[in-house]
Amino acid sequence: MTDDPTPAAAPRTQTQGAAEAAANPAERALLARLDALGVAWRRHAHPPLHTVEQSRALRGVMPGAHTKNLFLKARDGGFWLVSTREDSRFSVNDLGRALGAGRVSFGAAEDMARLLGVRPGAVTPFALMNDAEGLVRFALDRRLAEAELVNFHPLHNEATLALTPEGLMRFLSDLGRAPLMLDLAPLEARAAAREAAAGQGGDREAD
């Protein structure tokens, strides 16, 4: 598959030698792993993206579901990687309860680098391949599993990989990872109700 910034209806099979086109060694290893699993992908190059807002402004037209990926630390010291739709709005503490983790906070960049081998702005489920000890649990927005295509960074934030949810699940299965599937609709409804109450001068429900 070529390094092609133009949109496509679906990922295509890689053409010979295209994986070597990626300059990032970690990405080359990822693409080689996907190819070995028979997972089709399409790579979109773009300027470095650090936030969802930057992604919307700079990524151009790319098909499929776009994501935000959260690296979280629970009060008991455990770590979570959570992938949701980029437009999903919810309380992080509500999310922690949905995970069964209690109160959570955003993980430190040092822990992210140590456990997942990526920097802030490049969090991705692909980074689970760097977590050889399985110390980071993974949760996935159920709606992403139902999308035609899903988009994630390939271990850095200067490109995006599009693949099918089936391809993502094949990658996770090869790692021995079964994601916790999340229904975020109740969390989003609760967040919307809080915002509406705040806008009307009502009391905001505590996390």
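Residues numbered from 1 in each chain as written. Predicted model: local features only at pLDDT ≥ 70, side-chain atom pairs only at ≥ 80, totals over all residues. Heavy atoms only, no water.

### Looking at unusual backbone geometry
Working step 1: Positioned with a positive phi, Leu-155 is a non-glycine residue whose angle comes to about 80°.
Working step 2: Its place among the elements puts Leu-155 in the loop between strand 6 (150-152) and strand 7 (159-163). (Helix = DSSP H or I, 4+ residues; strand = E, 2+ residues; numbered from the N terminus.)

### Things to note about the pairing of strand 7
Working step 1: Strand 7 sits mainly inside the fold: five of its five residues count as buried.
Working step 2: On strand 7, burial covers both faces: Ala-159, Leu-161 and Leu-163 on one face and Thr-160 and Ala-162 on the other are all buried.
Working step 3: Here strand 1 (residues 42-45) pairs with strand 7 via four bridges, running antiparallel. Bridge assignment links Arg-42 to a residue of strand 7, and that residue is Ala-162.
Working step 4: Note that strand 6 and strand 7 share three bridges and pair antiparallel. Paired with Val-150 across the bridge in strand 7 is Leu-163. (Buried < 20%, exposed > 50% of the residue type's maximum accessible area, 1.4 Å probe, protein only. Pairing = 2+ DSSP bridges.)

### A few points about the sheet that holds strand 7
Working step 1: Strands sit in the order 1-7-6 across an open sheet of three strands; the sheet is antiparallel. A single partner strand is all that each edge strand has here, and the edge strands are strand 1 and strand 6. Pairwise comparison of adjacent strand axes, ignoring direction, gives a mean angle of 25° for this sheet. (Axes fitted to C-alpha atoms, helices over the stretch in contact; angles between N-to-C directions.)

### Notes on the side chain of Lys-68
Working step 1: Among the secondary structure elements, Lys-68 is positioned in strand 2 (residues 67-74).
Working step 2: In this structure, Lys-68 is buried with no salt-bridge partner, the nearest side chain bearing the opposite charge being Asp-87 at 7.5 Å.
Working step 3: Engagement of the side chain of Lys-68 in a polar contact is seen with the backbone oxygen of Ser-88, the distance being 2.4 Å. (Lys, Arg positive; Asp, Glu negative; His and termini not counted. Salt bridge = Lys/Arg side-chain N within 4 Å of Asp/Glu carboxyl O. Polar contact = N/O pair within 3.5 Å; in protein donor to acceptor, adjacent residues only side chain to side chain.)

### Section: the confidence of the model for the chain
Working step 1: This prediction gives the chain a mean pLDDT of 85; 79% of its residues lie at or above 70.
Working step 2: Overall, residues 1-17 carries pLDDT values under 50, and its contacts beyond four positions in sequence, including any with other chains, amount to 49 contacts.
Working step 3: Segment residues 202-207 is flagged for pLDDT under 50; beyond a separation of four residues in sequence, or across chains, it makes 12 contacts in the model. (pLDDT = per-residue confidence, 0-100. Contact = heavy atoms within 4.5 Å.)

### Concerning helix 1 (residues 25-36)
Note that an α-helix has 3.6 residues per turn; residues three or four places apart therefore point the same way.
Working step 1: With 12 residues, helix 1 ought to run about 16 Å at 1.5 Å a step, and its terminal C-alpha atoms sit 17 Å apart, in line with that.
Working step 2: Turning to helix 1, its buried residues are Glu-27, Leu-30, Leu-31 and Leu-34. What you see down the axis of helix 1 is that its buried residues fit within an arc of 95°, all on one side. Of the residues in helix 1, the exposed ones pointing more than 90 degrees away from the buried face are Pro-25 and Ala-36.
Working step 3: Looking at the buried residues of helix 1, the elements they touch are strand 1, strand 7 and helix 6 (165-174).
Working step 4: Between the side-chain oxygen at the start of helix 1 and the backbone nitrogen of Ala-26 there is a gap of 2.9 Å, and the oxygen is on Asn-24. (Expected span 1.5 Å × (residues − 1). Arc of directions from axis to C-beta.)

### Remarks on the pattern of salt bridges
Working step 1: In this structure the tally under the stated criterion is 11 salt bridges.
Working step 2: Among the ionic pairs, Asp-94 bridges to Arg-97, the shortest N-O distance being 2.5 Å. Of the two residues, Asp-94 and Arg-97 both sit in helix 3 (residues 92-99), three residues apart, roughly one turn of that helix.
Working step 3: Asp-94 sits in the buried class, given a relative accessible area of 5%.
Working step 4: Through salt bridges with shared partners, one network takes in Asp-94, Arg-97, Arg-190 and Arg-194.

### Looking at the environment of Arg-119
Working step 1: Mapped onto the secondary structure, Arg-119 falls in the loop between helix 4 (109-116) and strand 5 (136-141).
Working step 2: Measuring from C-alpha to C-alpha, the distance between Arg-119 and Ala-109 comes to 6.5 Å, with 10 residues separating the pair along the chain.

### Concerning the sheet that holds strand 5
Working step 1: The mixed open sheet is built from five strands, whose spatial order is 4-2-3-5-8. If you trace the sheet from one side to the other, it starts and ends with strand 4 (104-106) and strand 8 (180-182), each paired once. On average, each strand axis in the sheet is tilted by 35° relative to the strand beside it, whichever way the strands run.
Working step 2: In the packing of helix 4 onto the sheet, contacts are made with strand 2, strand 3 (79-85) and strand 5, and the angle to strand 2 comes to roughly 100°.

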